[in-house]
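# Tertiary structure, described
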Amino acid sequence: AEYGLSLCWALLLATILAFILQEGTVRLTVTSGHSLGQCLKLKYRNTFKIYKVALVCWFVAGSVFIGNLFFSLNCWAGGVDAVLAFPGAAEVSGWQGALLRVGVCVIYGVITMVLLWHDKTDLLGIMLGFVMMGMVVLFVIVVVEIGINWTEFGKGLIPNIPGSLPKRAQPTDLVLSLVGTTALGFNLFLGGEMAKGRTLVAAQRGILFSVVSAMIVSQLIMMVGAGQYNASSTEGYSIQGLSRFIEKITGTEGVVVFALGFMAAALSSMITVILGANITARSIFFDEDTDPVIFVFKSNLGDTSNVIVNTRAEVDENTTIEQTKPEGKLENGTEILENGSGVLGKEIREIVADPKWVEDRKVKLQRRNHIMNQSINLIQTVISVVVIAANADRLFIILVAQVFNGALLPFFSICLLLCINDVEFMGSSPQKWYANIFLFISVTISLFLSCNTILEKVLGSLLVLSTRLYVAMAISFTGMLALCLLTTLGKNILDSFRRSKMQGLQQL
């Protein structure tokens, strides 16, 4: 808002990136039957492990947890500002103001924990959605009242980096934060879980509606914020300043609607962020679909043996078994090699899952998931309550959370790009060449934005803007080229072009 409408292009770019990335993770899930977290667990199952989980999966889960913890702090900070937006609330000071702040944080924490414990988040989401719609209508009224400078808006759609303002957030930080909060990294894991059981077309429509709605709401907020800042540029942007600006146009009733909508958005985000961390951790650590299952092998001689194999293997008399334990031989003499592979002999008569083991395993996984989920709920909620109740700089926390998660987005996007080009997951419907182009460009752009912001933080004034942009561009292009050469990504992308060419020749 402090830079007017000059960063509208960043919001549009963030919306396009959000759609491409989320559509990719949904297509991966619909085609493979597994979410991104599950695919990563399967893809790197034969790499170095810590407690039977691949190291890269630990890094993914840890990154989502830390990133969502920052987002959780962001949500609590916004929730407190929402309460202070009510008429007269910001004037409460001293011990009374501290008591209000602490009380609000604790109430948010109790509501969040109760809803997550009892799994009653869906009903709340519907209720909060109606409240937030009231806030959207309010912003439309305010925008109509203050008017739109269409010339400035048009210029804002052209990519540019405005000059920095003293004692204000850096424009590069704001660009990355807009991308990070619109194309949320953890949505790549959350969206896949939500797409299970849906058709691809239905999921794509849902994503399109979601990202376009978010863009419109964000654009309205940017316009209202820019109007407030232009009306009182000496005050600077703040939620309380925005509240006073709205009150001048709509009266006290408008401020109440704004505060209630803001509270609803904050509470909804608190729950969604923690759920995102839970779902990502569950898909990586304790997931029924990707955990091995014991199969009982019955030979014609009547003897039986148990061996744990991966559930994705189609087991028959010629199948190579991916074996977790035990090593050695089956009772019928079929050898299980130390690397976990072996071939079933022709004498195998029947292969059935051990029902007792499967049921016991299911109960054990559910118990572990419950403990893990409640631990994540408690840790993220308690830290958020304590930090924000201690009166940490809320605007600074919000900016750090958004920039940090924007910097994580390239890593999660690369994970998606690798999995969606893996024939193990997409064999029934391989990635199309044009989809690869869009996704590859999106990942490169997210990497470029992250590099640009990191260079600005590390080198500061040592690099002028143009030089910094060129260096960030070179790093991002070099990084993507190395990714293609050092992994199977380059080959898989070239294969997508060959398939397209062959299909075109067949049609002719």
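Reading the values: the criteria
- Residues numbered from 1 in each chain as written.
- Predicted model: local features only at pLDDT ≥ 70, side-chain atom pairs only at ≥ 80, totals over all residues.
- Heavy atoms only, no water.
- Core = buried A, V, L, I, M, F, W, Y, C linked by side-chain atoms within 4.5 Å.
- Buried < 20%, exposed > 50% of the residue type's maximum accessible area, 1.4 Å probe, protein only.
- Contact = heavy atoms within 4.5 Å.
- pLDDT = per-residue confidence, 0-100.
- Helix = DSSP H or I, 4+ residues; strand = E, 2+ residues; numbered from the N terminus.
- Expected span 1.5 Å × (residues − 1).
- Patch = residues over 30% accessible without salt bridge, like charges linked within 9 Å, V, L, I, M, F, W, Y side chains within 5 Å.
- Areas by Shrake-Rupley, 256 points an atom, 1.4 Å probe, with all protein chains shown as cover.
- Salt bridge = Lys/Arg side-chain N within 4 Å of Asp/Glu carboxyl O.
- Lys, Arg positive; Asp, Glu negative; His and termini not counted.
- Charge placed at Lys NZ, Arg CZ, Asp CG, Glu CD.
- Axes fitted to C-alpha atoms, helices over the stretch in contact; angles between N-to-C directions.
- Parallel < 35°, antiparallel > 145°, perpendicular 65-115°, else oblique.
- Nonpolar A, V, L, I, M, F, W, Y, C, P; charged D, E, K, R; others polar.
- Polar contact = N/O pair within 3.5 Å; in protein donor to acceptor, adjacent residues only side chain to side chain.

## Let's talk about the nonpolar core
Counting 84 residues, the largest nonpolar core has Leu28, Leu36, Leu40 and Phe189 as the members making the most contacts within it. Setting aside anything within four residues of it in sequence, one finds Leu40 in contact with Cys57, Val60, Phe189, Cys415 and Cys419. With 24 residues, the next largest nonpolar core counts Met222, Met223, Leu242 and Phe262 among its residues.

## Points about the confidence of the model for the chain
This prediction gives the chain a mean pLDDT of 75; 75% of its residues lie at or above 70. Helix H3 (residues 55-84) holds the highest mean pLDDT among the elements of the chain, 89, whereas strand S6 (residues 335-336) holds the lowest, 37.

## Describing helix H4 (residues 94-118)
With 25 residues, H4 extends 37 Å from end C-alpha to end C-alpha; this agrees with the ideal 36 Å at 1.5 Å per step. Every buried residue belonging to H4 is among Gly97, Arg101, Val104, Cys105, Tyr108, Gly109, Thr112, Met113, Leu115 and Leu116, and all of these are buried. Positive backbone phi, approximately 55°, marks Asp119, located one or two places after H4.

## So, a positive patch on the surface
Taken together, the side chains of Lys52, Lys364, Arg367 and Arg368 define a basic patch exposed on the protein surface. In this structure, Lys52 sits in the loop between strand S1 (49-50) and strand S2 (53-54). A relative accessible area of 64% places Lys52 in the exposed class.

## Topic: the packing of helix H8 (residues 187-195) against helix H11 (residues 252-285)
Contact geometry for H8 and H11: axes closest at 9 Å, N-to-C directions at 75°. Here H11 runs roughly perpendicular to H8, going by the angle between their axes. Note on element contacts: H11 touches H8 through Thr272, Gly276, Ile279, Thr280, Arg282 and Ser283, opposite Phe189, Leu190 and Glu193. Among the residues making up the contact of H8 with H11, the classes are represented as three nonpolar, four polar and two charged.

## Regarding the environment of Ser32
Within the fold, Ser32 resides in helix H1 (residues 8-32). Classification of Ser32 by relative accessible area gives buried; the value is 16%. At 2.5 Å, the side chain of Ser32 and the backbone oxygen of Leu28 are in polar contact. Here the side chain of Ser32 touches His34 through a polar contact of 3.1 Å, landing on its backbone nitrogen.

## Concerning H3
With 30 residues, H3 extends 44 Å between its outermost C-alpha atoms, agreeing within 8% with the 44 Å of an ideal straight helix rising 1.5 Å per residue. The element H3 is extensively covered by neighbouring structure, given that 22 of its 30 residues are classed as buried.

## Details of the pattern of salt bridges
In a structure, side chains of opposite charge can pair up when their charged atoms sit close to one another. Tallied over the entire structure, the rule returns four salt bridges. With a shortest N-O distance of 2.8 Å, Asp422 and Lys43 are connected by a salt bridge. With Asp422 in the loop between helix H13 (394-420) and helix H14 (423-426) and Lys43 in helix H2 (residues 36-43), this pair connects stretches of sequence that are 379 residues apart. Put simply, Lys491 and Asp495 hold a salt bridge, and the shortest N to O gap is 3.1 Å. Here Asp495 and Lys491 lie together in helix H17 (residues 489-507), a separation of four residues that amounts to about one turn. Under the relative-accessibility criterion, Lys491 is labelled exposed at 53%.

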